[in-house]
Amino acid sequence: MTISVLGISGSPHRHGNTETLLDSFLDGARAAGASVEKVALVDLDYTPCRGCNACHKTGECIVKDEAPALYDRILAADCVAIASPIYSMGITAQLKGFIDRAQYLWARKFILKTLDFSPEHIKKHRGVFISTAGQNLAHVFDSAFPAISALFHGTGFDYSDNIVANNMDRYNGIKNHPTALKEAYMKGRQIVQELETIKNM
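The structure displayed is predicted, hence computed values, not measured ones.

> Explain the sheet that holds strand β1 (residues 4–9) here, please?
Think of a sheet as strands paired side by side through backbone hydrogen bonds, with each pair either parallel or antiparallel. The five strands lie next to each other as β2-β1-β3-β4-β5, forming an open sheet whose pairing is parallel. The outermost strands of the open sheet, each flanked by one partner alone, are β2 (35–40) and β5 (158–165). On average, each strand axis in the sheet is tilted by 15° relative to the strand beside it, whichever way the strands run. One ladder, built from five bridges, connects strand β3 (residues 79–83) with strand β4 (residues 126–132); its direction is parallel. Residue pairing in the sheet places valine 80 in a bridge with glycine 127 of β4. Against the sheet, helix α3 (residues 67–76) engages β1, β2 and β3, with an angle of about 140° to β1.

Written as structure tokens, this is what we have:
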């Protein structure tokens, strides 16, 4: 069975540092034989969560836009790579708004008890966070991790890797970074190969 990899770019800036790093990861996954697709949130029609809690009763989101369909694609993928640059020490508004829209899945899992991910399922699904930051601070990515963790845990993925590159201001862009693009490419290959091994066991 072909491994499916979904990349989601949360940057409002198309083809910038973070999306380029995501592309390198996806190139590596494709080279390992995976089926690869990419979605840019900036091109989707969706709104943030209303906080109405209607999904707590039905397990469905009452907002009819493109967010639930993308969550269906996430749930169907073997590997999901979420990418966001660091803005004001956190993920972008586009990505945070999308993550909040997963509340209906949270309701299914914790309130209605209609959604569950077994340890075996989680073992076969990998979540990866990809990010860049302009500043050269050791903690610059730390505030992003909890929201990414919530997304992956709520959708049944083993949040296994962070591919991050800071100091973009010094390097004048990801293409001038000495190792980041190659490391992302190799990580894409590695994860697909590991998933193939697990699924064939």
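From this point, the narrative continues.
> When you look at α3 in this model, what are you seeing that I'm missing?
Among the residues of α3, Ala67, Leu70, Tyr71 and Ile74 are the ones counted as buried. One side of α3 holds all its buried residues, which, seen down the axis, span an arc of 105°. Opposite the buried face of α3, by more than 90 degrees, sit the exposed residues Asp72 and Ala76.

> How should the pattern of salt bridges be read in this particular structure?
Tallied over the full model, the rule gives 13 salt bridges. The salt bridge involving arginine 101 is made with aspartate 65; its shortest N-O contact spans 2.8 Å. With arginine 101 in the loop between α4 (93–100) and α5 (103–111) and aspartate 65 in the loop between α2 (55–58) and α3, this residue pair connects regions lying 36 residues apart in the sequence. What makes arginine 101 buried here is its relative accessible area of 3%. A relative accessible area of 19% means that aspartate 65 is categorised as buried. Salt bridges sharing partners connect three or more residues here, namely Arg14, Glu19, Asp23, Lys38 and Asp43.

> In this structure, what is going on with the pairing of β1? I would like to understand it.
Regular strands have side chains that alternate between both faces of the sheet. β1 sits mainly inside the fold: six of its six residues count as buried. Both β1 and β2 contribute to a ladder of six bridges, which runs parallel. From the neighbouring strand, isoleucine 8 faces β2, where its bridge partner is valine 39. With helix α1 (residues 17–31) bridging β1 and its parallel neighbour β2, the resulting β-α-β unit is right-handed. The pairing of β1 with β3 spans five bridges and is parallel. In the strand pairing of β3, glycine 7 is matched with alanine 81.

> Is there a simple way to think about the packing of α1 against helix α9 (residues 180–199) in this case?
Contact geometry of α1 with α9 gives a least axis separation of 7 Å together with a crossing angle of 40°. With respect to α9, the axis of α1 lies oblique. The chirality of how α1 crosses α9 is right-handed. Counted together, Thr20, Leu21, Ser24, Phe25, Asp27, Gly28, Ala29 and Ala31 of α1 and Ala180, Leu181, Ala184, Tyr185, Lys187, Gly188, Arg189, Ile191 and Val192 of α9 form the full contact between these two elements.

> Would you mind going over the environment of lysine 38 with me for this structure?
Mapped onto the secondary structure, lysine 38 falls in strand β2. For lysine 38, a relative accessible area of 33% corresponds to the partly exposed category. Those residues in contact with lysine 38 that lie beyond four places of it in its chain are Gly7, Arg14, Glu19, Leu22, Asp23 and Leu26. Among the polar contacts made by the side chain of lysine 38, one reaches the side chain of glutamate 19 at a distance of 2.7 Å. Of the polar contacts made by the side chain of lysine 38, one reaches the side chain of aspartate 23; its length is 2.7 Å.

> Mind showing me how you'd approach a nonpolar patch on the surface here?
Among the surface-exposed residues, Trp106, Phe110 and Ile111 lie close enough to one another that they form a single nonpolar patch of about 290 Å² accessible area. Take tryptophan 106: it is sitting in helix α5.

> Just checking my understanding: could you explain the packing of aromatic side chains for this structure?
Two numbers describe a pair of aromatic rings. These are the distance of the centres and the angle of the planes. Inspection of every chain in the model, using the stated rule, returns seven aromatic pairs. For the ring pair tryptophan 106 and phenylalanine 110, a centre distance of 5.7 Å and an interplane angle of 40° mean the geometry is tilted. Of this pair, tryptophan 106 and phenylalanine 110 both sit in helix α5, separated by four residues, roughly a single helical turn. Overall, tryptophan 106 belongs to the partly exposed group, its relative accessible area being 38%. Relative to phenylalanine 157, the ring of phenylalanine 152 has its centre 6.1 Å away and its plane inclined at 55°; by these criteria the two rings are tilted. Taken as a pair, phenylalanine 152 and phenylalanine 157 share a single burial class, namely buried.

The rules we used
- Residues numbered from 1 in each chain as written.
- Predicted model: local features only at pLDDT ≥ 70, side-chain atom pairs only at ≥ 80, totals over all residues.
- Heavy atoms only, no water.
- Pairing = 2+ DSSP bridges.
- Helix = DSSP H or I, 4+ residues; strand = E, 2+ residues; numbered from the N terminus.
- Axes fitted to C-alpha atoms, helices over the stretch in contact; angles between N-to-C directions.
- Contact = heavy atoms within 4.5 Å.
- Buried < 20%, exposed > 50% of the residue type's maximum accessible area, 1.4 Å probe, protein only.
- Arc of directions from axis to C-beta.
- Salt bridge = Lys/Arg side-chain N within 4 Å of Asp/Glu carboxyl O.
- Right-handed = clockwise from strand over helix to strand, strands pointing away.
- Parallel < 35°, antiparallel > 145°, perpendicular 65-115°, else oblique.
- Left-handed = near helix turned anticlockwise from the far one by under 90°.
- Polar contact = N/O pair within 3.5 Å; in protein donor to acceptor, adjacent residues only side chain to side chain.
- Patch = residues over 30% accessible without salt bridge, like charges linked within 9 Å, V, L, I, M, F, W, Y side chains within 5 Å.
- Areas by Shrake-Rupley, 256 points an atom, 1.4 Å probe, with all protein chains shown as cover.
- Phe/Tyr/Trp six-rings, centres within 6.5 Å; stacked < 30°, edge-to-face > 60°.

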